[in-house]
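# Residue-level structural notes
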Amino acid sequence: QVQLVESGGGLVQPGGSLRLSCAASGSIFSIDAMGWYRQAPGKQRELVADLTSGGSTDYADSVKGRFTISRDNAKNTVYLQMNSLKPEDTAVYYCNADRVLTEQYRYLEVWGQGTLVTVSS
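Residues numbered from 1 in each chain as written. Predicted model: local features only at pLDDT ≥ 70, side-chain atom pairs only at ≥ 80, totals over all residues. Heavy atoms only, no water.

Before going further, it helps to examine the overall build of the chain. Assigned secondary structure in the chain consists of zero helices and eleven strands. Each helix and strand of the chain, placed in order from N terminus to C terminus, yields the pattern β-β-β-β-β-β-β-β-β-β-β. In terms of overall dimensions, the chain is globule-like: its C-alpha atoms have a radius of gyration of 14 Å, near the 14 Å expected for 121 residues. Considering the chain as a whole, with its 121 residues, one finds that 41% of them fall into the buried category. Excluding contacts between residues fewer than 6 apart, the proportion of contacts in the chain whose partners are at least 24 apart in sequence is 56%. (Helix = DSSP H or I, 4+ residues; strand = E, 2+ residues; numbered from the N terminus. Rg over C-alpha atoms; globule rule 2.2 N^0.38 Å. Buried < 20%, exposed > 50% of the residue type's maximum accessible area, 1.4 Å probe, protein only. Contact = heavy atoms within 4.5 Å.)

Quick look at the structure:
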């Protein structure tokens with residue numbers, strides 16, 4: 001089974017920085033896109049950023065210029081560098097991997113369990 005392991009969440013003050021990491025474990029041959037979603041209290045889950053294996057990126061307007069997504073394809077790991085954090089960024093952040101190919105299976109979509117980011121003074 002493919003598993004996404006997230007780390008880096010926690011409490012940070014407004015204006016601070018945080019880096020999230022997500023590693024896909026298992027006998028993986030390839031992954032198409034990896035990205036980050038978030039769900040704030042009372043809000044729907046939304047795309048934060050994603051990155052395809054070809055290098056194309058997509059960011060939510062609310063984080064553009066503050067967040068940077070990067071990826072290590074050899075390690076099947078995606079990162080989210082979050083700078084100039086705002087209280088509005090408080091949410092559970094979920095890692096996502098699309099079209100994961102393993103020795104035995106093809107996974108359309110795999111989700112992590114989420115990591116909480118709290119931005120507060």
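Next comes the rest of the write-up.
Looking at chain direction, strand E1 (residues 3-7) and strand E3 (residues 18-25) are connected through five bridges and run antiparallel. Note on E3: the bridge partner recorded for Ser7 is Ser21. As judged from the six bridges shared by E3 and strand E8 (residues 77-82), these two strands associate in the antiparallel manner. Paired with Leu20 across the bridge in E8 is Leu80. (Pairing = 2+ DSSP bridges.)

This paragraph deals with the nonpolar core. Here is a general trend for soluble globular proteins: nonpolar side chains tend to be buried in one another's company. Trp36, Leu80, Met82 and Tyr93 are the most contacted members of the largest nonpolar core, which totals 32 residues. Elements supplying a minimum of two residues to this core: E3, strand E4 (28-39), strand E5 (46-52), strand E7 (67-72), E8, strand E9 (91-102), strand E10 (106-111) and strand E11 (115-119). At five residues, E9 tops the list of elements feeding residues into this core. (Core = buried A, V, L, I, M, F, W, Y, C linked by side-chain atoms within 4.5 Å.)

The quantities given are spatial measurements derived from coordinates; they are silent on function.
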